[in-house]
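The chain contents come next:
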Amino acid sequence: MQTKKSKQLKLFENLAKKSLREPEVQVKRPIRFRGGGFVIKPMPWVPPLVFTALIAFWEVGSRSGFISNLVLPAPSEAAQAFIDLAHSGLLIKHVKASLYRLVVGWTIGSLLGVTFGMLIGLFSIARASLFPLVSAIFPIPKIALLPLFVIWFGIGEGSKIATILFGSFFPVVIASYGGVQNVDRNLIRMGQSFNLSWFSIVRKIILPGALPAILSGFRISASIAIILLVAAEMIGAEYGIGAYVLTAGSLFATDQLIAGVAMLSILGLIVSWLIGKAEKALLRWRS
Amino acid sequence: MELHLNNIGHKYNNLDVLKEISFSIRQGEIACIIGPSGCGKSTLLRIMGGLETATCGDVYISGEIPSNTINPLTFVFQDFALLPWRSVEANISLVLEDHPIPTVQRKEIIDSVLARTKLSDFKKALPKQLSGGMKQRVAIARALAVNPAFMLLDEPLSALDSQTRELLMSDLIDLWQRENFTACYVTHNLNEAVRLGHKIIVLSRRPGTIRRIVEIPIPLEERHNHLAELEYSQQVLWNLMRDEALAADRELSNAD
Ligand SMILES: Nc1ncnc2c1ncn2[C@@H]1O[C@H](COP(=O)(O)OP(=O)(O)O)[C@@H](O)[C@H]1O
Ligand SMILES: [Mg+2]
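Our subject in this report is the structure included herewith. (Residues numbered from 1 in each chain as written. Chains lettered and ligands numbered in written order. Predicted model: local features only at pLDDT ≥ 70, side-chain atom pairs only at ≥ 80, totals over all residues. Heavy atoms only, no water.)

1. Focus on the interface of chain B and chain A
Inference 1: Across the contact, 24 residues belong to chain B and 19 residues belong to chain A.
Inference 2: For the pairing of chain B and chain A, the buried interface totals around 1900 Å² over both sides, and the portion due to carbon and sulfur atoms is 66%.
Inference 3: On the chain B side of the interface with chain A, the three residues burying the most area are Trp85(B), Asp98(B) and Lys128(B), jointly 31% of the side's total.
Inference 4: Across the contact surface, chain B and chain A share 2 salt bridges.
Inference 5: For the interface between chain B and chain A, the tally reads 9 residue pairs in polar contact (both at pLDDT 80 or more).
Inference 6: Within the residue set of the side of chain B that touches chain A, elements represented by two or more residues are strand E5 (73–76), helix H2 (88–97) and helix H4 (132–145) of chain B.
Inference 7: A breakdown of the residues in the side of chain B that touches chain A according to their chemical character gives 14 nonpolar, 3 polar and 7 charged. (Contact = heavy atoms within 4.5 Å. Buried area = accessible area lost by both parts, 1.4 Å probe. Salt bridge = Lys/Arg side-chain N within 4 Å of Asp/Glu carboxyl O. Polar contact = N/O pair within 3.5 Å; in protein donor to acceptor, adjacent residues only side chain to side chain. Helix = DSSP H or I, 4+ residues; strand = E, 2+ residues; numbered from the N terminus. Nonpolar A, V, L, I, M, F, W, Y, C, P; charged D, E, K, R; others polar.)

2. Some thoughts on unusual backbone geometry
Residue and element names in this part refer to chain B.
Inference 1: For the bond running from arginine 206 to proline 207, omega is -5°, close enough to zero to count as cis.
Inference 2: Examined against the element boundaries, proline 207 turns out to sit in the loop between strand E8 (199–203) and strand E9 (210–215).
Inference 3: Backbone geometry at glutamate 155 places phi at a positive 45°, although glycine is not the residue there.
Inference 4: Tracing the backbone shows glutamate 155 in the loop between strand E6 (150–154) and helix H5 (162–179).

3. Examining empty space enclosed by the protein
Residues and elements named next belong to chain B.
Inference 1: Evaluation of the coordinates by the stated rule reveals 1 cavity of 30 Å³ or more.
Inference 2: Put simply, the largest cavity is a space of about 60 Å³.
Inference 3: Lining the largest cavity we find Ile30, Leu153, Leu172, Trp176, Phe181, Ala183, Tyr185 and Leu196.
Inference 4: Broken down by secondary-structure element, the contributors of at least two residues to the lining of the largest cavity are H5 and strand E7 (182–186).
Inference 5: The residue makeup of the lining of the largest cavity, split by class, is 8 nonpolar, no polar and no charged. (1 Å grid on protein atoms, 1.4 Å probe; cavity = no way out; pocket = protein on both sides within 12 Å on 5 of 7 lines; lining within 4 Å. Points joined across faces, edges and corners; volume = space filled by probe spheres on them.)

4. Comments concerning the site of ligand 1
All names here are of chain B.
Inference 1: The full set of residues close to ligand 1 is Tyr12, Val17, Ser37, Gly38, Cys39, Gly40, Lys41, Ser42, Thr43, Arg46 and Arg206.
Inference 2: The contact in question runs from an oxygen atom of ligand 1 to an N or O atom on the backbone of glycine 38, over 2.7 Å.
Inference 3: Arginine 206 is positioned with one of its side-chain polar atoms (N or O) 2.6 Å from an oxygen atom of ligand 1.
Inference 4: Coverage of ligand 1 by the protein chains reaches 64% of its 560 Å² of free accessible surface.
Inference 5: The element best represented in the shell around ligand 1 is helix H1 (residues 41–48), accounting for 4 residues.
Inference 6: A per-class count over the shell around ligand 1 returns 3 nonpolar, 5 polar and 3 charged. (Near = heavy atom within 4 Å. Areas by Shrake-Rupley, 256 points an atom, 1.4 Å probe, with all protein chains shown as cover.)

Remember, this is a structural readout, not a statement about activity or role.
Shown next, in the form of structure tokens:
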């Protein structure tokens, strides 16, 4: 009995000593970092590098005969076609004609789109009557309607602008309607609790609240407008980037075709950059 | 101004949310409503503020509405309800813009409420730059701007951490002493109720009915000297609420 107790005591003593000593004995092991990954870092020098590398590869491939000239003209040839176009004075005419159609069609289409989207978002009767209509017409490729537009609005600017207008209208309607739907109900209730007028609530709470969605609608409608530009200039257009591309295509002048397509792409980039600027300026309040 | 509820009952579709609620809130009094979550506190407050119509019963006000009041019944919301695209100043301006107030006077009102809520330095800030406590201060400043006769506060401090809550609670007491508004203050925090309420209305779980009305006769500004009594009141309230809270909790987990 006695021995057992003393044995136990000794054990405890040893344990106590050990635990006192322990900090010195322990090995320090650093904690391995495992929180990395899944973070997208901005790499501003990569995009130009990719573009340059691709074009350089293409140029070298074309010159060495690795890429047949029949399949794809060299970038330098496309550039030459562009320079020729600029020298001939036609470049300005093409760009002017296209910009005019784009700006008029897209502006009217988008403004009408915001108006209709707001109406559908705000009034039950508009929702019930217009929303099914919009949903039914939205998926129709507007190119298919081009002949009809020609009959309705004439072969001149009318049908071209109508195509672009129609194409930009629907995505903006859907985006604005969704934006109105998503405005924080509590903010609207707050407005009501302070007795703000209906008009004030729409203008100061619902419209700014729907603005992010409206701007992304604009982004989509702008690219659709550029896509439709080529289609709209298919019939009876003397000038326009789309017309230039189509003529080049039908003549198999691939260098001009590439030059025209590059112009469209740059146009798209500029529009996207402008909308990005607008978003930055108008949506500074977002975190 | 006094507010009276007479036999209020409310249903959402077929869900009974409130039942047979009657009480009055006297001039200059803060009535706290406590009850388990989902028992209809927010609904009751919305009914009192005219944002919802009760299925049965009636709410009315009596007494004189001060003539300088722009919006007699004014809400303060749990989620602050600030417009994120407007600065602090513009958020307050929002509730004045629909009224024929000269611009100079509007600016004066804004400056005055910002000073009263210690926000003068943050006039131009956007809500995203402010902490939760600051945001709720802005919402309180906005409420003060319309000179309310009656404030309806729906868990105004529930989204804040406990230190901020403590600070804002004493600010509210100071404010009440100066402005002497009448208020209905919804909370699920018993400590807030015993610190701020002249009268505490305890609701049962859904459908919410009045379980008891507890009056705390100690003046608000002296309550910090009577912590023992407050602790006792809080215990009484908790005893009233514990079973309800437990049952409400169970109910939610097997909700239909
Ligand atoms: N607009 C509504 N439509 C249907 N049910 C609702 C609505 N608002 C609240 N409810 C229901 O009513 C009950 C009470 O809600 P609420 O008043 O928000 O409770 P509390 O604020 O006490 O937590 C809840 O069960 C909630 O789901
Ligand atoms: Mg609530």
